[in-house]
Amino acid sequence: MTPTASTTPRDRTHTRQDLDRLMARMTGDEKHGPAATSTLDALWVLYDQVLRVTPETAGSAERDRFLLSKGHGPMAYYAVLAAKGFMDEESLTGFGAYDSPLGHHPDRVLVPGVEIGSGSLGHGLPLAVGTALGLRAQGLDAPGVWVLIGDAELDEGSNHEAIAYAGAAGLERLHTLVIDNGSATHGWPGGIASRFQAAGWSAATVDGHDHGALYAAFTAPHPGRPRAVVARVEPKDA
Amino acid sequence: MDTMRDRFISTTTRLLDEDPRLALVLADISGDGFRPAARAHPDRVINVGIREQLMIGVGGGMALTGLRPVVHTFASFLVERPFEQIKLDFGHQGVGGVLVSAGASYDWPAGGFTHMAPGDVALLDTLDGWNVHVPGHPDEAEALLREAVPGDDRVYVRLSLQSNEQARPVDGTRFTAVREGRGGVVVAVGPMLDPVLAATGGMDVTVLYATTVRPFDASAVRRAAGRGSADVVIVEPYLAGTSTAAVNDALADVPHRVLGLGVARRELRRYGRMDEHLAAHGLDPAGLRGRIGRFLGDGARH
């Protein structure tokens, strides 16, 4: 663990309870769309307990990288970034407006702490593979690389190119978080985790709202293999 | 003589030794040639297998960490197949890289249309901020590659088996005047220079040589056109008319006519040899001479 490890208390005063209020600043509503809320707990556990990145270290080569590949419904992401001090709460109110840096899909050039611009599905995991390779090539072995995708996004062929390669290459610092809300049109017979395992990944499936289970799955050792955590949440149409 | 692709392999292999920031991403193509480089730099020479979407994404991801990726395969699979990845994983992320293609418009005619990419430069033209180099000789390919590697910008280097007899000095920016005349301007891009020089023998025309077509050297075209009305022919080894708009923009404030020559859009559905394809598209000296002569008319006659 580096000195920036998130196990040390941060000066941010926000808690999980603040996120609903922060999201309401974007939506004007305490109730949000499924695409936003399905990722909220997993994102919070990651940023609150796992990722070694702070607003102060957001430009550091040693930081952990989090790539939001599923750029749709980024309110939870923005809320978490605001709660962790990457941006002012005030900026949330402009969500989607011409003058706002916060779009309905995030843009890395506009938002501090955002590692990739996303929205088009199937780009984040290949970019994460390249990020993991780029860090390794520079001897930066400590940073973890995390990418969040959706179960329907897993339909994109580019992700399967990435899954097959990353497994074969044993990219140990690479982590994929799949939010499974059962939205893939043809589903994933045999389960999503099995697809990753067949490609040589370490994989686990957990309740996407159970903070303890998420934390345990995120931090389980996986020597010599990339890691996939499938977080099951309520079905999209439920 | 080695080919541009041979030279790309030998030059990049040396540059990987010299520049710790350089990385190479392959999708099996040219993998054999880069085997020594991969042994010497296993973390910076990455072969993802036959996965072109991943190849571009990996290049973009490596660039996000500060490395300078060179990404290489045949033009069809480098530019056309993963085009949205090029648009988003480099441009939208705000990072750079060097894409180096082989195969060009019909380097392997017997291989058929699946391995032909006459539309690659036109396709990249829909994106902002890509520099496009079209060398006409292996020495020029090496010079342009060495020019591209140290920077941070987005570069496409289009290699071909078609080559001019002699290399010319290239600086990665400007067009150079190879011949001066008063009856019109012919811009020859990369390997089209030798056929253009042969075609325009005895014509009173200026021949400009272009190996860097994006950004387009508008001032060279304006200078060559002079102050009066201008007749300009641009001869490109890829889709006809790809740079016609750039010539038009260069001459926006003078009366002008532009003829864009290059590979026809219509699929030829022929195999055979490269010279047969050049002739079929009217890009051999005889075909060029006829079309350039008819367009420029009396003004080009001595």
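On a predicted model such as this, the values are computed, not experimentally measured, just so you know.

### Considerations on the pairing of strand S6 (residues 154-158) of chain B
Note on strand geometry: in a regular strand, side chains alternate between the two faces of the sheet. Residues and elements named next belong to chain B. Here S6 lies mainly inside the structure; five of its five residues are buried. The side-chain alternation of S6 yields two buried faces, one formed by Arg154, Tyr156 and Arg158 and the other by Val155 and Val157. In terms of strand pairing, strand S4 (residues 97-102) meets S6 through five bridges, oriented parallel. Bridge assignment links valine 100 to a residue of S6, and that residue is valine 157. In the sheet, strand S5 (residues 130-133) pairs with S6 via four bridges, with the strands oriented parallel. Residue pairing in the sheet places valine 132 in a bridge with tyrosine 156 of S6.

### Focus: the packing of helix H5 (residues 124-137) of chain A against helix H6 (residues 157-169) of chain A
To characterise two packed helices, one gives the angle between the axes of the helices and the distance between these axes. Residue and element names in this part refer to chain A. Two elements in contact, H5 and H6, have axes whose closest approach is 8 Å; the angle formed by their N-to-C orientations is 30 degrees. One element, H5, and the other, H6, form an angle in the roughly parallel class. Every residue of H6 that contacts H5 at Leu125, Pro126, Val129, Leu133 and Arg136 is listed here: Ser158, Asn159, Ala162, Ile163, Tyr165, Ala166 and Ala169. In the contact of H5 with H6, the residues fall into nine nonpolar, two polar and one charged.

### A look at the sheet that holds S6(B)
Residue and element names in this part refer to chain B. The mixed open sheet is built from seven strands, whose spatial order is S2-S1-S3-S4-S6-S5-S10. The strands lining the two open edges of the sheet, one partner per strand, are strand S2 (45-47) and strand S10 (212-214). Neighbour-to-neighbour, the strand axes of this sheet turn through a mean angle of 20 degrees, independent of strand direction. Sheet topology note: the strand S3 (residues 68-74)/S4 ladder contains five bridges and is parallel.

### Observations concerning the nonpolar core
Nonpolar side chains in soluble globular proteins tend to end up buried together. Judged by nonpolar contacts, the single largest core of 80 residues is most densely connected at A:Val129, B:Tyr156 and B:Val221. For this core, the domains that each give at least three residues are domain 1 (4-158) and domain 2 (176-300) of chain B. Among all residues touching B:Val221, those that are not within four sequence positions of it are B:Phe175, B:Val187, B:Leu208, B:Phe216, B:Val232, B:Val247, B:Ala250 and B:Leu251.

The rules behind the values
Residues numbered from 1 in each chain as written. Chains lettered and ligands numbered in written order. Predicted model: local features only at pLDDT ≥ 70, side-chain atom pairs only at ≥ 80, totals over all residues. Heavy atoms only, no water. Buried < 20%, exposed > 50% of the residue type's maximum accessible area, 1.4 Å probe, protein only. Helix = DSSP H or I, 4+ residues; strand = E, 2+ residues; numbered from the N terminus. Pairing = 2+ DSSP bridges. Axes fitted to C-alpha atoms, helices over the stretch in contact; angles between N-to-C directions. Parallel < 35°, antiparallel > 145°, perpendicular 65-115°, else oblique. Contact = heavy atoms within 4.5 Å. Nonpolar A, V, L, I, M, F, W, Y, C, P; charged D, E, K, R; others polar. Core = buried A, V, L, I, M, F, W, Y, C linked by side-chain atoms within 4.5 Å. Domains from an automatic or database assignment.

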